[in-house]
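Coordinates in review
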Amino acid sequence: AQPPAQPPAQPPARSTKMDQLKQEACSLEDGPLVAGPFRKDGVFLSEKTLERFLKANNGDIKKAMKQLKATVAWRKTYQPWRCCPKCTKDPLAHNMRVIGFDDDGRGVIYSCFSQAHDRWDPEVNLKHLTWILEQAVPLMDQRGASTWTWIADFHGFGVSDCSPKSMMLVKSMLAHYPERLYKAVLMSAPWIFNGAWRVVSPLLDKNTKSKVVFLKNDSLAEEKKLSEQLRLGEELANFLEAEAKDNRIIRDPVKKYWEPRNELQEEAKGTKTEQNNAVIDFRATGSVSKDKECTALLFQYSISDYITTTD
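Residues numbered from 1 in each chain as written. Predicted model: local features only at pLDDT ≥ 70, side-chain atom pairs only at ≥ 80, totals over all residues. Heavy atoms only, no water.

A short note on the environment of Leu 68
Quick note on the threshold: Helix and strand assignments follow DSSP, with helices taken as H or I runs no shorter than four residues and strands as E runs no shorter than two, numbered in order from the N terminus. Throughout, exposure labels follow a simple rule: accessible area from a 1.4 Å probe, protein chains only, divided by the maximum for the residue type, with under 20% read as buried, over 50% as exposed, and the rest as partly exposed. Here a residue-residue contact requires only that any non-hydrogen atoms of the pair lie within 4.5 Å.
For Leu 68, the location among the structural elements is in helix α4 (residues 61-78). Owing to a relative accessible area of 0%, Leu 68 belongs among the buried residues under this scheme. Leave out the neighbours within four places in its chain, and Leu 68 touches Leu 21, Leu 28, Leu 45, Thr 49, Leu 50 and Phe 53.

A look at the environment of Leu 230
Topologically, Leu 230 is positioned in helix α10 (residues 224-230). Leu 230 sits 81 residues away from Thr 149 along the chain, and the two C-alpha atoms are 7.8 Å apart. For Leu 230, the residues in contact, after removing those within four places along its chain, are Asp 102, Arg 106, Thr 149, Tyr 182, Lys 183, Val 185 and Leu 220.

A look at the packing of helix α6 (residues 122-142) against helix α7 (residues 164-174)
Definition in use: Each axis is a line fitted through C-alpha atoms, taken for helices only over the stretch in contact, and angles between the N-to-C directions span 0 to 180 degrees. Here a crossing is taken to be left-handed if its near helix is turned anticlockwise relative to the far helix by less than a right angle, and right-handed if that turn runs clockwise. Only Asp, Glu, Lys and Arg are considered charged, only Ala, Val, Leu, Ile, Met, Phe, Trp, Tyr, Cys and Pro nonpolar, and every remaining residue, Gly among them, polar.
Packing of α6 against α7 leaves a shortest axis separation of 10 Å and a crossing angle of 35°. The handedness of the crossing between α6 and α7 comes out as right-handed. When α6 is examined against α7, the residues Pro 122, Glu 123, Leu 126, Leu 129, Thr 130 and Leu 133 are found in contact with a partner set consisting of Lys 165, Ser 166, Leu 169, Val 170 and Met 173. When its residues are assigned to classes, the contact of α6 with α7 shows seven nonpolar, two polar and two charged.

What about the nonpolar core?
Short version of the rule: Throughout this description, the term nonpolar core refers to a set of buried Ala, Val, Leu, Ile, Met, Phe, Trp, Tyr and Cys residues connected via side-chain atoms within 4.5 Å.
With 33 residues, the main nonpolar core has Leu 133, Trp 148 and Phe 193 as its most contacted residues. With eight residues, the top contributor of residues to this core is α6. Apart from the residues lying within four places of it in its own chain, the contact partners of Trp 148 are Gly 107, Ile 109, Leu 133, Val 137, Met 140, Tyr 177, Arg 180, Leu 181, Tyr 182 and Lys 183.

Points about helix α3 (residues 47-56)
Every buried residue of α3 is accounted for by Thr 49, Leu 50, Arg 52, Phe 53 and Leu 54. On its buried face, α3 is in contact with α1 (17-25) and α4. Once α3 ends, the next one or two residues include Asn 58, with phi positive near 55°.

So, the packing of aromatic side chains
Rules: Here the aromatic set is Phe, Tyr and Trp, taking the six-membered ring for Trp, and pairing holds for ring centres within 6.5 Å; pairs whose planes are under 30 degrees apart are stacked, those over 60 apart are edge-to-face, and all others are tilted. Both a distance and an angle decide whether a charge sits over a ring: NZ of Lys or CZ of Arg must be within 6 Å of the ring centre and within 35 degrees of the ring normal.
On inspection of all chains with the given rule, the structure shows eleven aromatic pairs. A ring pair is formed by Phe 193 and Trp 197, whose centres lie 6.3 Å apart and whose planes are at 25°; its orientation type is stacked. Within this pair, Phe 193 and its partner Trp 197 are both found in helix α8 (residues 193-200), separated by four residues, close to a single helical turn. Phe 193 sits in the buried class, given a relative accessible area of 6%. We classify Trp 197 as buried; its relative accessible area is 18%. For the ring pair Phe 193 and Phe 214, a centre distance of 6.4 Å and an interplane angle of 50° mean the geometry is tilted. Here Phe 193 is found in helix α8, whereas its partner Phe 214 is found in strand β5 (residues 212-215), with 21 residues between them in sequence. Taken together, Phe 113, Phe 154, Phe 157, Phe 193, Trp 197 and Phe 214 form an aromatic cluster joined through their ring pairs. The ring centre of Tyr 182 lies 3.6 Å from the NZ or CZ of Arg 106, which sits over that ring.

Brief notes about unusual backbone geometry
For Asn 58, which is not glycine, the phi dihedral falls at a positive 55°. Looking at the secondary structure, you find Asn 58 in the loop between α3 and α4. Located in the positive-phi region is Arg 231, a residue other than glycine, with phi close to 50°. Counting through the fold element by element, Arg 231 comes out in the loop between α10 and α11 (234-246).

A closer look at the confidence of the model for the protein
Caution applies to low-pLDDT parts of the model: their predicted coordinates are not meant to be read in detail. To keep things clear, this is the line we draw: Values of pLDDT, ranging from 0 to 100, describe the predictor's confidence in every residue of the model.
Looking at the protein as a whole, the pLDDT averages 81, with 77% of positions reaching at least 70. Counted against residues more than four places away or in other chains, residues 267-276, with its pLDDT under 50, gives nine contacts. Below pLDDT 50 for its whole length, residues 278-311 participates in 67 contacts with residues either more than four positions away or in separate chains.

Laid out in structure tokens, this is it:
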């Protein structure tokens, strides 16, 4: 006689850390008031979100829940998806925006100091930053990516931009976006930035600090290893290269984003002599006459922050 059939073996019951975090996260408020309008499903506490918070805390459920609670409360009150108040009045107040996606679907964010004409309020700058990040997240979700690359072009950076408060605000904000940063590329950062970096860098965890890369010049093409890591793709890499060069052209009064680049290059030819004369005057006297005044980058920082104008 055949022995009676045995029921299929059941896998042993076990509670993973993710299961525990999911259960505890049920006590937190979720929905459109937390997720914001850019997430069409109206859900912030998704499985991917919980995974990121758990990873950021090395699997410590208690710490992950503490960070989640703080972030949910912050999102309800701060509403990071709200439009930058300065940009609604002046579209050229800030310059940071999403310029595309790399070969792995990661969002690529670009900002240039010289093209942000009202950038000296750290609190509002943070509002603009979170507004951009919130727009990037659902676009990356569509491409199966969870991180972004931020390329910060320091052209035009001056003393008035060298604010440790701004960097501390960004550091605090990053706690609400754990495991989101892939790389932060600091392009042409001047020596005067070193002071602010020395203040903030010891406060960053090793993982975040390892993602910050300093690019000495304004060309990613010359840094082959970094270019390979960023995986920008030919089209986006070419755009970024052209954008960085384009932003180094002197204009009166502002950059004309609607004009083709070849016209902008012609404009640059007419300003080169004026720029050289301004540099010569600055080196000789420490000042620049009004008819030669410019905002070109000199000695890796903005002339407008160091010169005094004369009649």
